[in-house]
Amino acid sequence: MTVPVLPAGQADVRVLHFSDLHVTPNQRRKLAWVRSLAELRPDLVVDTGDNLAHVGAVGPLLDALEPLLATTPGVFVMGSNDYWAPHPKNPARYFLPDSRVFHTEPKELPWGRLQAAFVNAGWKDLDNRRDDVVLADGRTLTFVGTDDPHLDLDVMPARPDDAPATGRTRDDAVLHLGVTHAPYRRILEGFQSDGADLILAGHTHGGQLCVPGFGALVTNCDLDRRRASGLHGWPGARPDAPGGAGSTWLHVSAGAGTSPYTPVRFACRPEATLLTLTTRAA
């Protein structure tokens, strides 16, 4: 998938975006597929959360991601199912304005171990943080991210008055990207106001159960169904379309997994996406 977002004269940047793996330890085929993603040889990895679905999933997931962690710069944010184990829920709740179910004694997942492993490998934690990444060719990308909006953990990071510790600033960067788990409108609006050239999110599962010719039934947030997955403009037309001036690119991953309690997808294949960022039209 091509995104014409880079300034003129820049070489392409290949971004691997994955989300919502919802890994359990016995999912050998899924874990082998995750390991194979390194063969795409991306320049950058963006993980938009909900990696886990079981207390014992961290080790198998880190083993599957090892080729990417060892070779490729990355950024990540957490989702609700990185923090808390999934639980049975009436699927009809997804049609309510707020589908969340808050349990008095939820089971916490070992998200801290996952976070530490990512950071130790050099991936940048963007949960309510700003940071930058220097690609192998020396170009800088800047990022703004939030913790999971679905749990109301999001806090838009303040704009720094001074350059970050690296000494690099937005003026040095070829792109500015926003990263979050759940694409709630308040987050997208905040990233657009922050000047993001591209926003990446997950959470929706692409609707998970879709109707051919109609699309997603729900998004599990306040994003419209039309943008439940894929590449779109925000808030309106795509930036490369007539009348799209002022819009920001938005990519919503349909994700690669489901809750163990609803292990069904229909007309909505699991995915990871290789985005090729290329130059904008003159």
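Our structure's up above, just so we're on the same page.
## What to know about the sheet that holds strand β8 (residues 175-179)
Then step 1. In spatial order, the strands read β6-β7-β8-β9-β13-β12; together these six strands make up an open sheet with mixed pairing. Two strands bound the open sheet, and with one partner strand each, they are β6 (130-134) and β12 (230-234). Taking the axes of each pair of neighbouring strands and ignoring which way they run, one obtains an average angle of 25° across the sheet.
Then step 2. As judged from the five bridges shared by β12 and strand β13 (residues 248-252), these two strands associate in the antiparallel manner.

## Quick look at unusual backbone geometry
Then step 1. Following Trp 234, the chain continues into Pro 235 via a peptide bond in cis, with omega recorded as 5°.
Then step 2. You can see Pro 235 is positioned in the loop between β12 and β13.
Then step 3. The phi dihedral of Asp 20 falls on the positive side, at around 55°, and the residue is not glycine.
Then step 4. Taking relative accessible area as the criterion, Asp 20 reaches 0% and is therefore assigned buried.
Then step 5. Positioned with a positive phi, Asp 50 is a non-glycine residue whose angle comes to about 55°.

## Considering the nonpolar core
Then step 1. Leu 65, Leu 68, Leu 114, Phe 118 and Trp 123 are the most contacted members of the largest nonpolar core, which has 28 residues in total.
Then step 2. Breaking this core down by element, the ones donating at least two residues are β2 (13-18), α1 (28-36), α2 (58-71) and α4 (111-120).
Then step 3. Top element by residues in this core is α2. It accounts for seven residues.

What counts as what
- Residues numbered from 1 in each chain as written.
- Predicted model: local features only at pLDDT ≥ 70, side-chain atom pairs only at ≥ 80, totals over all residues.
- Heavy atoms only, no water.
- Pairing = 2+ DSSP bridges.
- Helix = DSSP H or I, 4+ residues; strand = E, 2+ residues; numbered from the N terminus.
- Axes fitted to C-alpha atoms, helices over the stretch in contact; angles between N-to-C directions.
- Buried < 20%, exposed > 50% of the residue type's maximum accessible area, 1.4 Å probe, protein only.
- Core = buried A, V, L, I, M, F, W, Y, C linked by side-chain atoms within 4.5 Å.

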